[in-house]
Amino acid sequence: MMRTWVLITVLAVVSPSAAFADYRSLIHEIDSYQPPPRSQDRSVEGAPDKDSAGDDAFLAEKKRIEAMKSAWEQSLSVSNDAALFYRVDVDRLNALGNAGSDASMAARVLENRFTLEQAEILALIRNPGVKEAEKRLRAALEAFTQVTALDEILRQYAAFTQGLMPGVGPMKGNDPVAMKFPFPGVLSLKGQIVNDAVRIERETLEAVRRDTVTAIRMAFWNLAHTIRAQRITAEMVELITYLESVADTRYRAGKTSYQDVIKVRISLEILKEDLTTLGEVRKNLEAKIREILYLPRSVKPGTPEWDRGRRKLPDIEILYAIAVEKRQELRRLRAKIAKMERMVEMAETMIYPGYSSNFSLYTSGIVTTTGPGAPTEPFGVNVEAYRGAGLPKAPGYGTEDAYLRETRQNLAALREELENTRAQTLTRVRDAWFNWDRSRREVSLYSEKVVRLSRFALDVSTRGYEAGSVTFADVIDTYRQWLTANLALSRSRSDLQIAWARVEQAVGASIRGTS
C-alpha cells in the first residue's frame, strides 16, 4: 500500500512538467511555422514571386530616373560637351579663376586689351540672366525626386501595415497590383514627363546663353568700331586742320576768298562734334558691357582686340538643316509636345478602362487567395455594370473627358506653333545670312578699292589746291569721301562679325566656317 502511494505521488509531480514541456514545444512549432516554398514563394511552378518582381521593377525604374537627374546635373557645366550653342574651353575658364564671383578680377581682365573669348566666358559665368535660367533648371531637377516620393511612401505604409493570417503565422501583406508601377507604367510616364519638363528648362537655358553670348559679341564689335571711328575721325581732324592752314595762307596771299576758310572751319567744328558724339557712344557701349557682365559703374572696359580673320559660311541649305535641328525654340517646342503627349497617355491610363478586364490579376500572394481561410477570391467573380470593366473602378468614370479634350487641343496647337516657329526660323536664317553676305561684299569693296582710291584722290586734290589748280569745293569733297570710306570700312568689318554672330544665333549652334 505504501508503495502504491509513493508511485502516485511521483506521477503527480512529473506529469505536469512533461505536459508543460510538450505545450511549449507546440507553441514554438506554431510560431516558427512557414508555408511550404511552393505556396510561399511561387504562385505557379517556375513563376517568380509577384511581390519580388514588383519591387525589382520599381527599384529599376527609380534607379533609371535618378540616372536621368544625374545626367542633367552634369550638363549644367559651361565646359560640358553637351552644350548646344557655346562650349567654354576648360583651360581658358580656369585661367579666369574666380572672375565669376569676383568683380574686381573681371575688371582686371577688361582694363587694357581684352579678347572676344574672354568677354564671352565672363558673360556666361557672370550674367544674372544666365544664372537665373540655371537656377530654374536646378529647380526643375528636383521634380525627379518627387516622382517616386509618393510611391515610396505608399510602399513603406504597406510594409508597416502588413496583415497576419491567424492560424497560419506571419504572411505577406495585401499589396494590390494597382499599387505597383512596373516598367513601363505610370511611374515611368511620370519620369518621362519630368524629363521633358527638365529638357524644356534646359533649352530655355541654352537660349538665354545664346542670346547673352550674342549680345556681348555685338557690344564687343560695336565698341571696336567706335574706337576705330574715333581714331579715323581724329585723323580727319588733323587733315582738315592742315587744310585750314592752307586755305588761310592762300587767303592771305589773295589767291582765294575768305569763304573757303569759313567752310574749312565749319567742317572742322562738325568733326569735333562728331568726336564728342563718338565718345558718348563709347560710354554707352561700355555701359552695355557692364550690364551684360554684371560689373559696377566704376569699371571701364579697355580696347577690344580686333580680329581680322575672315571666315566663310557654309551653304545656306546646310544652315537651314542645322537650324531645324539645333534652334533652341524648336527643341523647346518639341520637348513641350513630348511632355503633353505623355500627359495625355497618363491621363488615358488613369481615366479610361484598359484593354483587359483584369480577371487574371492577383491582388496579393497566393497564400491569401487559396485554402479554406483565404479572405479574398483568387479571381474577380463579377463586374458592376455602373463601374465598367477596368481601372479605375469608380462611379465617376468619364468625368475627366473634358480635361482630355482640352489637353488634346493644346497639343494640336503646340504642333501648329512648332510649324510656325520653324518657318520663322528659316526666314531668320535667310535674313542673317543676307546681312553677312552684304557685309562681306562691303568689306571687300571698301578695303580693296574705295579706301585706297579715296586716299589717292585726297592727296592729289590737296596738292592741286595748294597749287591753285583745284577748287576748294573739290578738295573738301575728296576729304569727305575719304572719311566716309574709312568709316564705312570700319563699320562693315564690325558688321561682318556681328552678322556672323547673328547667323549663329538664328541657327542656334556654333558654326565652323572655312577661312
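This structure is a prediction, so every number in the text was calculated from the model and none was measured. (Residues numbered from 1 in each chain as written. Predicted model: local features only at pLDDT ≥ 70, side-chain atom pairs only at ≥ 80, totals over all residues. Heavy atoms only, no water.)

Undergrad: Whenever I open this one, the packing of helix H10 (residues 258-293) against helix H14 (residues 472-507) confuses me. Can you help?
TA: Each pair of packed helices gets described by two things: the angle between the helix axes and the distance between those axes. Where H10 meets H14, the axes come as close as 10 Å, and the angle between the chain directions of the two elements is 15°. On the basis of the axis angle, H10 is roughly parallel to H14. Seen from above, H10 lies across H14 with right-handed handedness. Within the contact between the two elements, H10 uses Asp260, Lys263, Val264, Ser267 and Leu271 and H14 uses Phe472, Ile476, Arg480 and Leu483. Partitioned by chemical class, the residues of the contact of H10 with H14 number five nonpolar, one polar and three charged. (Axes fitted to C-alpha atoms, helices over the stretch in contact; angles between N-to-C directions. Helix = DSSP H or I, 4+ residues; strand = E, 2+ residues; numbered from the N terminus. Parallel < 35°, antiparallel > 145°, perpendicular 65-115°, else oblique. Left-handed = near helix turned anticlockwise from the far one by under 90°. Contact = heavy atoms within 4.5 Å. Nonpolar A, V, L, I, M, F, W, Y, C, P; charged D, E, K, R; others polar.)

Undergrad: How should the confidence of the model for the protein be read in this particular structure?
TA: Close reading of the predicted structure is inappropriate where its pLDDT is low. Within the protein, residue pLDDT values average 77, and 68% of them lie at 70 or more. Confidence scores differ between elements of the protein, with strand S2 (residues 164-165) showing the lowest mean pLDDT of 44 and helix H11 (residues 316-326) the highest of 94. Per-residue pLDDT stays below 50 along residues 38-50; that stretch engages in 17 contacts with residues further than four places along the chain or on separate chains. (pLDDT = per-residue confidence, 0-100.)

Undergrad: Which parts of the structure should I look at to understand the nonpolar core?
TA: In globular proteins that are soluble, nonpolar side chains generally tend to be buried together. The biggest cluster of nonpolar side chains holds 32 residues, and the ones touching the most others in it are Leu122, Ile216 and Leu293. For this core, the elements supplying multiple residues, two or more each, are helix H5 (103-110), helix H6 (116-126), helix H9 (186-252) and H10. It is H9 that contributes the most residues to this core, eight residues altogether. In this structure, Ile216 is in contact with Ala119, Glu120, Ala123, Ile289, Ile292 and Leu293, ignoring residues within four places of it in sequence. (Core = buried A, V, L, I, M, F, W, Y, C linked by side-chain atoms within 4.5 Å. Buried < 20%, exposed > 50% of the residue type's maximum accessible area, 1.4 Å probe, protein only.)

Undergrad: Even after reading the chapter, I still don't get the packing of H6 against helix H7 (residues 128-141), so can you show me in this structure?
TA: Look at H6 against H7: their axes get within 6 Å of each other, and the N-to-C directions meet at 45°. With respect to their mutual orientation, H6 and H7 come out oblique. Counted together, Ala123, Leu124, Ile125 and Arg126 of H6 and Pro128, Val130 and Lys131 of H7 form the full contact between these two elements. Of the residues that constitute the contact of H6 with H7, the class distribution is five nonpolar, no polar and two charged.

Undergrad: Whenever I open this one, the side chain of Thr233 confuses me. Can you help?
TA: Mapped onto the elements of the fold, Thr233 is located in helix H9. Judged by its relative accessible area of 2%, Thr233 is buried. With near-sequence residues (within four places) excluded, Thr233 lies in contact with Leu271, Asp274, Leu275, Leu278, Leu483 and Leu487.

Undergrad: Even after reading the chapter, I still don't get a nonpolar patch on the surface, so can you show me in this structure?
TA: On the surface, a cluster of nonpolar side chains totalling about 460 Å² of accessible area is made up of Tyr251, Tyr258, Ile262, Ile266 and Ile270. Sort the elements by how many residues they give to the nonpolar patch and H10 lands first, with four residues. Along the chain, Tyr251 falls in helix H9. The exposure class of Tyr251 is partly exposed, given its relative accessible area of 37%. (Patch = residues over 30% accessible without salt bridge, like charges linked within 9 Å, V, L, I, M, F, W, Y side chains within 5 Å. Areas by Shrake-Rupley, 256 points an atom, 1.4 Å probe, with all protein chains shown as cover. Salt bridge = Lys/Arg side-chain N within 4 Å of Asp/Glu carboxyl O.)

Undergrad: Looking at this structure, how should I read H7?
TA: Every α-helix winds through 3.6 residues per turn, so residues three or four apart in the chain are directed the same way. For H7, which comprises 14 residues, the first-to-last C-alpha distance of 20 Å matches the rise-based estimate of 20 Å (1.5 Å per residue) to within 8%. Where H7 is concerned, the buried positions are Val130, Ala133, Glu134, Leu137, Ala140 and Leu141. Projection of H7 onto a plane perpendicular to its axis shows the buried side chains occupying an angular sector of 115°, all on one side. Exposed side of H7, more than 90 degrees from the buried face: Lys135, Arg136 and Ala139 are the residues found there. For H7, the capping residue at the N-terminal end is Asn127, with a side-chain oxygen 2.9 Å from the backbone nitrogen of Gly129. (Expected span 1.5 Å × (residues − 1). Arc of directions from axis to C-beta. Polar contact = N/O pair within 3.5 Å; in protein donor to acceptor, adjacent residues only side chain to side chain.)

Undergrad: So what exactly am I meant to see when it comes to the packing of aromatic side chains here?
TA: What characterises a pair of aromatic rings is the spacing of the ring centres plus the angle enclosed by the ring planes. The full count for this structure, using the stated rule, is six aromatic pairs. On the numbers, 5.1 Å between centres and 55° between planes, the contact of Tyr251 with Tyr258 is tilted. Tyr258 gets classed as partly exposed once you look at its relative accessible area, which sits at 36%. Among the aromatic residues, ring-to-ring pairing joins Phe114, Phe220, Trp221 and Trp306 into one connected group. The ring of Tyr465 is capped by Arg250, whose NZ or CZ atom sits 4.8 Å from the centre of that ring. (Phe/Tyr/Trp six-rings, centres within 6.5 Å; stacked < 30°, edge-to-face > 60°. Lys NZ or Arg CZ within 6 Å of the ring centre and 35° of its normal.)

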